[in-house]
Each structure stands twice: as C-alpha cells, then as structure tokens.
Amino acid sequence: MVNLFRQKYVFVVIFVFCSLSGKTQMLDSLALSQQPIFVWEQIDTISNKENVFRLKIKRKMPDNFDSLILTFPNLQELTMQNMRLKTIPQTVFLLTNLTILNVENNKIEELPAEIGNLYHLERLILNRNYIAFLPKEIALLKNLTYLDMWSNNIIELPEEISALTETLKIIDMRVILMSDERKILMQALLPKTEFLFSKSCNCKM
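Thresholds applied
- Residues numbered from 1 in each chain as written.
- Predicted model: local features only at pLDDT ≥ 70, side-chain atom pairs only at ≥ 80, totals over all residues.
- Heavy atoms only, no water.
- Pairing = 2+ DSSP bridges.
- Helix = DSSP H or I, 4+ residues; strand = E, 2+ residues; numbered from the N terminus.
- Axes fitted to C-alpha atoms, helices over the stretch in contact; angles between N-to-C directions.
- Phe/Tyr/Trp six-rings, centres within 6.5 Å; stacked < 30°, edge-to-face > 60°.
- Buried < 20%, exposed > 50% of the residue type's maximum accessible area, 1.4 Å probe, protein only.
- Lys NZ or Arg CZ within 6 Å of the ring centre and 35° of its normal.
- Right-handed = clockwise from strand over helix to strand, strands pointing away.
- pLDDT = per-residue confidence, 0-100.
- Contact = heavy atoms within 4.5 Å.
- Salt bridge = Lys/Arg side-chain N within 4 Å of Asp/Glu carboxyl O.
- Polar contact = N/O pair within 3.5 Å; in protein donor to acceptor, adjacent residues only side chain to side chain.

1. As for the sheet that holds strand E3 (residues 77–81)
- If you trace the eight strands from one edge of the open sheet to the other, you get E1-E2-E3-E4-E5-E6-E7-E8, paired in parallel fashion. If you trace the sheet from one side to the other, it starts and ends with strand E1 (37–39) and strand E8 (194–197), each paired once. The sheet shows a mean angle of 10° between the axes of neighbouring strands, direction not considered.
- Where E3 and strand E4 (residues 100–102) come together, three bridges link them in parallel fashion. Of the residues in E4, the one forming a bridge with Thr79 is Asn102.

2. Some points on the packing of aromatic side chains
- Applying the stated criterion across every chain, the model contains two aromatic pairs.
- Taking the centre distance of 5.4 Å and the plane angle of 10° together, the rings of Phe195 and Phe197 count as stacked.
- Since its relative accessible area comes to 11%, Phe195 is described here as buried.
- Directly above the ring of Phe72 sits Lys49, whose terminal nitrogen or CZ lies 5.4 Å from the centroid.

3. Observations regarding the pairing of strand E7 (residues 170–173)
- With three bridges joining them, strand E6 (residues 146–148) and E7 adopt parallel strand pairing. Its bridge partner lying in E7, Leu147 is registered against Ile171.
- The pairing of E7 with E8 spans four bridges and is classified as parallel. In the sheet register, Ile170 faces E8, and the bridge partner there is Glu194.
- The parallel pair E7 and E8, bridged by helix H4 (residues 180–189), forms a crossover whose chirality is right-handed.

4. Concerning the confidence of the model for the protein
- Overall, the prediction assigns the protein a mean pLDDT of 89, with 87% of residues at 70 or greater.
- Counting contacts from residues 2–22, a segment whose pLDDT is below 50, to residues more than four positions away or on other chains yields 13 contacts.

5. Some remarks on the pattern of salt bridges
- Using the criterion set out here, one finds five salt bridges in the structure.
- A salt bridge links Glu77 to Arg54; its shortest N-O distance comes to 2.8 Å. On the criterion of sequence distance, the pair formed by Glu77 in strand E3 and Arg54 in strand E2 (residues 54–58) is long-range, its members being 23 residues apart.
- Glu77 gets classed as buried once you look at its relative accessible area, which sits at 11%.
- One salt bridge connects Arg128 with Glu104, and the closest N-O pair in it is separated by 3.6 Å. Of this pair, Arg128 sits in the loop between strand E5 (123–125) and E6 while Glu104 sits in the loop between E4 and E5, and the two are 24 residues apart along the sequence.
- Since its relative accessible area comes to 34%, Arg128 is described here as partly exposed.

6. Structural notes on the environment of Glu159
- Its place among the elements puts Glu159 in the loop between E6 and E7.
- Taking relative accessible area as the criterion, Glu159 reaches 63% and is therefore assigned exposed.
- Along the primary structure Glu159 and Leu190 are separated by 31 residues, whereas in three dimensions their C-alpha atoms are 9.6 Å apart.

7. Regarding the side chain of Asn106
- Structurally, Asn106 can be placed in the loop between E4 and E5.
- Engagement of the side chain of Asn106 in a polar contact is seen with the backbone nitrogen of Met83, the distance being 2.9 Å.
- Within polar-contact distance, the side chain of Asn106 engages the backbone oxygen of Glu104 at 3.3 Å.

In structure tokens form, the structure reads like this:
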C-alpha cells in the first residue's frame with residue numbers, strides 16, 4: 001500500500017509539472033528584481049499563481065510544500081532560509097526555471113547531484129550551512145554567475161567546475177579555514193573567477 005501511494009504521488013507530481021511547463025514566462029534579472037516577493041503564508045490569497053515569480057519561505061517547512069510548489073509555473077526565485085533544513089527537498093530540483101536558489105542559514109550537509117537539473121540558475125546561495133563538497137554536476141549550471149559558499153566546511157572544488165570558467169564571476173568562500181595552498185588550487189580551476197577568501201590559516205587544510 002505504501003509503495004502504491006508513493007507511485008500515485010509521483011505520478012501526480014510529474015503530471016502537474018508537465019502540464020505547467022508549457023505556460024512558463026522567463027524574465028531577465030532586471031525584470032525579475034522588480035517583481036514582488038511573496039511569502040508562503042500568502043499562498044491561499046493568491047488568485048493567479050502565474051504572477052508569482054519570487055517566493056520566500058522562512059523558519060518552518062510547510063506540510064504542503066511538495067504538493068503546491070510545482071503549481072507556480074513562472075517561479076524563478078526561491079528562498080528557503082532559517083528553516084533548519086538538513087537537505088534540500090527533492091521537489092526543488094523539478095523547478096527548472098529557477099534562476100535564483102537561496103537556502104542560506106540551514107543545516108544542509110550535502111548538495112545533491114540533482115542540482116544539475118537547475119540549468120537556468122544564475123545565483124546559488126548556500127551560505128551558513130555545513131557543506132563539505134560540491135557534486136561534479138555543478139558543472140551543468142552553465143548560466144551560474146554567483147556562488148555563495150560563505151561559512152561552510154568546503155575546502156576543495158571538483159575539477160568539473162572548471163567548465164564554468166567563462167560564466168562564473170564570483171565565489172564567496174569567506175569564513176572558511178583553509179591554507180594558501182588550497183586557495184591556489186581553487187583559483188587554478190577558475191582563473192577568471194573572483195574568489196572572496198578570509199585570511200589563510202597555518203593549517204594543512
């Protein structure tokens with residue numbers, strides 16, 4: 001019975017997602033910044049979900065998140081901050097129109113390979129989590145210009161990230177203890193990218 005329920009749920013999610021995919025409207029970064037930011041508590045009052053381009057959730061994961069998040073066909077910016085999340089909900093990786101994903105100040109330990117599905121991402125904000133590694137699929141984010149890793153546990157980057165050398169403009173890696181050697185290795189992978197580092201430590205990291 002449990003497996004049957006899961007199969008039906010997955011089918012419904014995929015059906016809703018596919019039915020909305022043809023109605024999407026993509027805005028450039030300037031037009032997006034001029035759109036209002038809706039908060040999850042407003043959902044019941046939104047009559048036209050096609051008008052929601054920016055959405056913010058704070059403090060608590062909504063029980064109905066998976067069933068409702070895919071009903072916003074034009075969603076391009078999603079913020080899920082201060083929610084004590086240990087993982088990013090898998091449904092997020094179906095939101096392929098996202099250009100901004102902000103999951104700052106949670107308890108996330110791993111960025112899954114599915115991040116590569118969000119091929120429109122321009123800004124990925126992961127600061128104040130516990131991430132130690134990035135998956136090689138980060139290289140699929142061909143539009144990524146800004147990566148915020150501020151205050152995580154990461155001290156190395158996957159070699160595949162060098163595929164973003166022409167597009168990735170800034171990586172913020174401040175408040176992370178690492179040696180000068182580690183910094184040099186990172187910069188060698190992305191020689192055209194501006195790295196923001198804190199002062200080096202006298203360590204082997």
